[in-house]
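Chain by chain, the residues:
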Amino acid sequence: MNRRNFCCAVSVSFVGLASNLSLGLAQNDPELDTGLFQHKVESLPKAGEETLQAVLVGEVADGSFACIVHNNTQEDRVITQVIIDGNAVLAEGNPSPFVIAAGQYALAVYYVGDDVPDTTVPEVEFDAEDAQTSSANDLWGYREATITELEIDGNRAKGRFENTSDDDFSGNAEIAIVFLNDDGEIVGFVSEYAQTRDVARGETGDFDLMVLYGQSSDRYLAAAQGKIY
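All figures in this text were calculated on a predicted structure; none of them were measured in a lab. (Residues numbered from 1 in each chain as written. Predicted model: local features only at pLDDT ≥ 70, side-chain atom pairs only at ≥ 80, totals over all residues. Heavy atoms only, no water.)

Undergrad: Would you take a moment to explain the pattern of salt bridges for this structure?
TA: As a working rule, side chains carrying opposite charge can pair if their charged atoms are close by. Taken as a whole and assessed by the stated rule, the structure comprises 7 salt bridges. Residues Arg 143 and Asp 167 are paired through a salt bridge, measuring 2.9 Å at the closest nitrogen-oxygen approach. Here the residue Arg 143 occupies a position in strand 10 (residues 142–153), and Asp 167 occupies one in the loop between strand 11 (156–163) and strand 12 (172–180), the gap between them amounting to 24 residues. Its relative accessible area of 16% is what places Arg 143 among the buried residues. Shared partners join several salt bridges into a network, and the residues in it are Glu 42, Asp 182 and Arg 219. (Salt bridge = Lys/Arg side-chain N within 4 Å of Asp/Glu carboxyl O. Helix = DSSP H or I, 4+ residues; strand = E, 2+ residues; numbered from the N terminus. Buried < 20%, exposed > 50% of the residue type's maximum accessible area, 1.4 Å probe, protein only.)

Undergrad: What's the story with the nonpolar core in this structure? I'm lost.
TA: Where a protein is soluble and globular, its nonpolar side chains tend to be buried together. In this structure, Leu 150, Phe 161, Ile 175 and Ile 177 are the most contacted members of the largest nonpolar core, which totals 23 residues. Contributing elements (two or more residues each) for this core: strand 10, strand 11, strand 12, strand 13 (186–197), strand 14 (204–210) and strand 16 (219–227). Counting 20 residues, the second-largest nonpolar core is a separate cluster that includes Leu 44, Val 178, Leu 221 and Ala 223. (Core = buried A, V, L, I, M, F, W, Y, C linked by side-chain atoms within 4.5 Å.)

Undergrad: Before we go on, may I ask you to explain a negative patch on the surface in this structure?
TA: On the surface, Asp 85, Glu 123, Glu 125, Asp 127 and Glu 129 cluster together into a patch of negative charge. Locating Glu 129 in the fold gives a position in strand 9 (residues 124–130). Residue Glu 129 is classed as partly exposed on the basis of its relative accessible area, which comes to 36%. (Patch = residues over 30% accessible without salt bridge, like charges linked within 9 Å, V, L, I, M, F, W, Y side chains within 5 Å. Areas by Shrake-Rupley, 256 points an atom, 1.4 Å probe, with all protein chains shown as cover. Lys, Arg positive; Asp, Glu negative; His and termini not counted. Charge placed at Lys NZ, Arg CZ, Asp CG, Glu CD.)

Undergrad: Would you explain the packing of aromatic side chains in this entry?
TA: A ring pair, where both rings are aromatic, is described by two values, the distance of the centres and the angle of the planes. Tallied over the entire structure, the rule returns 4 aromatic pairs. Measuring from ring centre to ring centre gives 5.1 Å for Phe 189 and Tyr 213, while their planes differ by 5°; the resulting arrangement is stacked. You can see Phe 189 sitting in strand 13 and its partner Tyr 213 sitting in strand 15 (residues 213–214), a full 24 residues away along the chain. (Phe/Tyr/Trp six-rings, centres within 6.5 Å; stacked < 30°, edge-to-face > 60°.)

Structure representation (structure tokens):
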């Protein structure tokens, strides 16, 4: 699993592995403007005015947990430090997209280690900077990608993404999917690398991932991003 690097804590339950749900190909729902690929997500909590924060946090499962971040500021932001349960964390995961546009959302899966018991709901806070003046994006090398197709079939998530940045990707693109139940709580997640490597700008690639953490559902948000070295 790709270990990725949020303060409201929402208690949810991860129920075994993915169900036998078969949803078929889903198109991006345009009604809710999150900046992410989404299906049957009618609403999401918002961060406080002029803040960037985790608005949904899931339980720890096998040392990792998923969360959804909202940038409720007037500028594009990058997260420079993650504070989990009061402790600063370095290189434990990154949001997707890495640059969170003003008013938009991002997905993140963070690795907290085996010492944190399953079902724990971490408290997460961030330090963030203006993306235009921060050196963090150039340092990490993440670039924009857009999911164009997504199919959930039981415990598999299959789809396509496009390199919508101005650069050619080096290596594998990263895919993040967070599943919600009918109450808007996180019940499962995927954070993995796509199979297609080295996607040039304007070109597309494929992914076929397994849902190992929690369960899939017909409500989800998804994001992709590439990287240059």
